[in-house]
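Listed below, chain by chain, are the residues.
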Amino acid sequence: MRRRQAIVLLALVGLLVSLYLWLYKIGVIGTLQCGTGGCEYVQASRYAELLGIPVAFFGVAGYGVLFVAGLVGLQPAFAGDRRVGVALAGLASAGFAFTLYLTSIELFVLHAICRWCVASAVIITAIWGLAVTGLARRR
Amino acid sequence: MKGFYALLAAVAVVGGGLFWYGSRAKPAPAPRPPAAAPPLAAGDAFHGFTLGPDTAPLEVTEYSDFECPFCASFATVQMPVIREQLIAPGKVRWRYRDFPLPSHRWSRLASQAAQCAGEQRKFWEFHDQLFSRHQWAQADRNPRSEFRDFGKAVGLDLEKYDACVDGQRYTPRILASLQEGEALGVGGTPTFFVNGKRFEGRPTSDAFKALADSLTKAVKTRK
C-alpha cells in the first residue's frame, strides 16, 4: 500500500511538472524558471512536439493516468488486485521508455539539459522502479 | 489514509498556487527604450547574411556559433582565402546562419549583437571582430562591453546598437535559425551545406575551391 501511495504522490508531482512545461509551451506561462537556459532551448526545439502535439502534454496525460490508476489501486476493493499492479507497471514502463528517448535527444542531439525534464525523468524512473518491484513482490 | 489524501491535496494546492502566480507574474523587464522597434516575428523570412553575388554557381550555407573555437579558427584561417579567391570573383555566395550552442554561455548574446550590427549593415565587419578578437570567449565574464567596443571599432551608432541589444529584437530570428539548423540535422558547429547538400569533407578553402571549380567546369561542359 505504501508503494502505491508513493506512486500516486510521485505521479501528482510529475503531473505538476509536465503541466508547468505544457502551460509554458501553449503560452500561458511567460518564462520558464530554469537557470541554465537549456529549458527554453529544449522547449523551442522541434523535438518538443510529437505528431503536432507538445511532448509535455503526453507527460500531463501519462502522469494523469498513472495518478488515477494509483488512486484506484488504493481503494480497499482493489488493494489486492493484481490487474492494477500490472496496469501501473505497464504505464510506468511506457513512460520510462519515452523518457529514455527524450533524455537521449537532450544529451546526444540537442546537447542541452532542461532541468524540469530531468526532474520528470527522475520521477518516472522512481515510479517505474516502485511499480515493477511492487509487481514482482506480489507474485 | 486521511493523512495521505491531505498530503495530496496540499501538494495540489501548492502546485496550483505556483502556476497561478507564474501565469500572473510578468517576466523580468528587459531594458527597452521607448523608441525601440517591436520584436520581429520568428518567420520574418530572413535567411542569413550573405556575401557574394546571387548569380554565383555555388552557395555555401554555414551554421556557426560565435563562441565556438573551431568556428573562430575557420573564420580567421580559411575564410580570408575563401573571400579572396572564391567570393570576390563571384564563384561562391556565402550565407551565415546562427547556430548558438546551448553549452556556450555567451553565444546568443554574440548572435544578438551581430544581428544588431547587421541592422546597421555592418554584420560582416562585426562577425570578423567577434572571431578575430576571440579572447572574449575564453574569459569567464560577460563580454557585453567587449562587444560594444567591437561595435565602436566597426563604426556602429552605439545608441541604436544598445537599444537593439537591450530589446533583444532578434531573439525570434536567432531561434528560427537554430530550429532550421536542427531540422537539417546540424549537431555541431561549424556545419556547411553546399547548394543545399550537407558538406561532409574537411572545411578548407581548397575543398570549397575544388567544389566551385568542378561545378564551373560542369556548367561550361553542358553549354
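Predicted, not measured: the structure shown is a model, and the values here were computed from it. (Residues numbered from 1 in each chain as written. Chains lettered and ligands numbered in written order. Predicted model: local features only at pLDDT ≥ 70, side-chain atom pairs only at ≥ 80, totals over all residues.)

(A) Geometry of the pairing of strand 2 (residues 58–64) of chain B. Residues and elements named next belong to chain B. The buried count for strand 2 comes to 6 of 7 residues, which makes it a mostly enclosed element. What joins strand 2 to strand 3 (residues 92–98) is helix 2 (residues 69–87), and the crossover it makes is right-handed. Alignment of strand 2 against strand 4 (residues 191–194), held across 4 bridges, turns out to be antiparallel. Each residue of the ladder has a partner; that of Thr61, found in strand 4, is Phe193. (Buried ≥ 20, exposed ≤ 12 C-beta atoms within 10 Å, placed from the backbone. Helix = DSSP H or I, 4+ residues; strand = E, 2+ residues; numbered from the N terminus. Right-handed = clockwise from strand over helix to strand, strands pointing away. Pairing = 2+ DSSP bridges.)

(B) Structural detail: the sheet that holds strand 3 of chain B. All names here are of chain B. Strands sit in the order 1-3-2-4-5 across an open sheet of 5 strands; the sheet is mixed. Looking along the sheet, the strands with just one partner apiece sit at the ends: strand 1 (49–51) and strand 5 (197–198). In this sheet, strand 3 lies alongside strand 1 in antiparallel orientation, the contact comprising 3 bridges. Directly across from Leu51, in strand 3, lies its bridge partner Trp94. Helix 8 (residues 171–183) rests against strand 2 and strand 3 of the sheet, and its axis sits at about 110 degrees to strand 3. (Contact = placed C-beta atoms within 7 Å. Axes fitted to C-alpha atoms, helices over the stretch in contact; angles between N-to-C directions.)

(C) Representation of unusual backbone geometry. All names here are of chain B. Residue Thr189 is joined to Pro190 through a cis peptide bond whose omega torsion reads -5 degrees. Its identity is not glycine, yet Arg121 carries a phi of approximately 60 degrees, on the positive side. Mapped onto the elements of the fold, Arg121 is located in the loop between helix 3 (107–119) and helix 4 (123–132). A count of 10 C-beta atoms within 10 Å places Arg121 in the exposed class. Positive phi, normally seen in glycine, also occurs at Gln168, with a value near 50 degrees. For Gln168, the location among the structural elements is in the loop between helix 7 (158–167) and helix 8. A residue is classified by how many C-beta atoms lie within 10 Å of it, and Gln168, with 19 of them, is partly exposed.

Bear in mind that shape data such as this cannot, by itself, settle questions of function.
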